[in-house]
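A closer look at the structure
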Amino acid sequence: MNRSNLTVPPEGAPVPAPHPDAPVGVPLGPHYARCFGCGPDHPTGLHLEAVSEDGLGVSATFTVGDVHQGAPGLAHGGVLATAMDEALGMVVWLLRKPYVTGRLETDYVLPVPVGATLYIRTRCTGVVGRKAYLEAEARMDAVDGPVAVRAAALFVEVPVAHFERHGAGTSGGDGAATSGGAGTSGGGAGGVASAADLGRRVNP
Ligand SMILES: CCCCCCCCCC(=O)SCCNC(=O)CCNC(=O)[C@H](O)C(C)(C)COP(=O)(O)OP(=O)(O)OC[C@H]1O[C@@H](n2cnc3c(N)ncnc32)[C@H](O)[C@@H]1OP(=O)(O)O
């Protein structure tokens, strides 16, 4: 995979220890019930399901549906990038700090047909200041299946005000976000319904 130096941590960058509250070995559940990536209430979303492996790495699955096609019978590349972004986002969510994707690099290795299930594994490779470096790999139809997609990303830590300033009024006004929090589905990462929830989540 060709990665730019923007998604490779500088030499010696530390990999953070798992947060003491990070779940281990349990389903994470959705961070937001209407999220296009993981929300169970999104009608055409990816419905990604994830497990925290060790508090820093995440395993996730995504099954390509009819609504995810680009070419007939094949997953749209943008949808696959979204699946990788979502799985990567679950890793920084475990760090208990608010992050957003700054840069996402994706290598499409194999065409992914409708009905295929991607087994995605993600991990953090280093954190420097506000920048978290991550990578992901998606294998087709089995945890040890052929690699179909690889991704690398730089996530940037933002203040909770980022979500209040840019997203206020758009999240959970109808209460939709309250149904799927991981706190109700296996002790996972904890769902949010609003930017205020997010603030409580990272600064309890
Ligand atoms: C409720 C829980 C939420 C979970 C959501 C999970 C979903 C999955 C994750 C997503 O998809 S998030 C949505 C998509 N991303 C965005 O909407 C982010 C939009 N961009 C921004 O808001 C800003 O550009 C950003 C916060 C990323 C950076 O702006 P800032 O003004 O805060 O930071 P700044 O520009 O000073 O950059 C900080 C550092 O990051 C670096 N950086 C920022 N953007 C970069 C970039 N694109 N590529 C490489 N480096 C980048 C930048 O060079 C700098 O490095 P240094 O500290 O070494 O100087």
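Residues numbered from 1 in each chain as written. Predicted model: local features only at pLDDT ≥ 70, side-chain atom pairs only at ≥ 80, totals over all residues.

We now examine the environment of valine 149. For valine 149, the location among the structural elements is in strand β6 (residues 147-157). Taking the C-alpha atoms as reference points, valine 149 and glycine 77, separated by 72 residues in sequence, lie 9.6 Å from one another. Residues contacting valine 149, with those up to four places away along its chain left out, are Leu80, Met84, Thr106, Asp107, Tyr108, Val109 and Ala138. (Helix = DSSP H or I, 4+ residues; strand = E, 2+ residues; numbered from the N terminus. Contact = placed C-beta atoms within 7 Å.)

Note on soluble globular proteins: their nonpolar side chains tend to be buried together. Counting residues in each nonpolar core, the largest one holds 47 residues, and the members touching the most others are Ala83, Met84, Ala87, Met90, Ile120 and Leu134. The set of elements that each furnish at least two residues to this core consists of β2 (58-63), α1 (77-94), β4 (117-128), β5 (131-140), β6 and α3 (195-202). If one sorts the elements of this core by residue count, α1 sits on top with ten residues. (Core = buried A, V, L, I, M, F, W, Y, C linked by C-beta atoms within 7 Å. Buried ≥ 20, exposed ≤ 12 C-beta atoms within 10 Å, placed from the backbone.)

Sheet architecture is open: six strands sit in the order β1-β2-β4-β5-β6-β3, paired in antiparallel fashion. Sheet topology places β1 (49-52) and β3 (99-108) at the edges, where each strand pairs with a single neighbour. Within this sheet the neighbouring strands show an average axis-to-axis angle of 20 degrees, counted without direction. Bridge count for β4 against β5 is ten bridges, and the pairing is antiparallel. Bridge assignment links arginine 123 to a residue of β5, and that residue is glutamate 135. (Pairing = 2+ DSSP bridges. Axes fitted to C-alpha atoms, helices over the stretch in contact; angles between N-to-C directions.)

Our focus in this paragraph is the site of the ligand. Taken together, the neighbourhood of the ligand is formed by 19 residues, with Gly89, Val100, Gly102, Arg103 and Val156 sitting nearest. Elements with a contribution of two residues or more to the shell around the ligand: α1, β3 and β6. When residues of the shell around the ligand are assigned to their parent elements, the largest contribution, four residues, is made by β3. Each residue belonging to the shell around the ligand can be placed in one class, and the counts come to eight nonpolar, six polar and five charged. (Near = placed C-beta within 6 Å. Nonpolar A, V, L, I, M, F, W, Y, C, P; charged D, E, K, R; others polar.)

For the protein chain, the mean per-residue pLDDT works out to 87, and 86% of the residues sit at or above 70. In the model, residues 171-189 has pLDDT below 50 throughout and makes 61 contacts with residues more than four positions away in sequence or in other chains. The ipTM for the predicted assembly is 0.97, set against a pTM of 0.90. (pLDDT = per-residue confidence, 0-100.)

This part takes up the UniProt feature "domain: Thioesterase" (unreviewed entry) in the protein chain. UniProt marks residues 73-139 with the feature "domain: Thioesterase" (unreviewed entry), using the numbering shown here. For residues 73-139, the end-to-end C-alpha separation is 18 Å, with 27% helix and 46% strand making up the annotated structure. (UniProt positions renumbered as here; feature names shortened; annotations may be inferred.)

Phi is positive for histidine 47, close to 50 degrees, though the residue is something other than glycine. Residue placement: histidine 47 occurs in the segment before β1. The exposure class assigned to histidine 47 is partly exposed, which follows from the 19 C-beta atoms found within 10 Å. One non-glycine residue with positive phi stands out, namely arginine 96, at about 65 degrees. The residue arginine 96 is located in the loop between α1 and β3 in this model.

This paragraph deals with the environment of glycine 115. Tracing the backbone shows glycine 115 in the loop between β3 and β4. Its 12 C-beta neighbours within 10 Å are what place glycine 115 among the exposed residues. Separated by 19 residues in sequence, glycine 115 and leucine 134 have C-alpha atoms that sit 27 Å apart.

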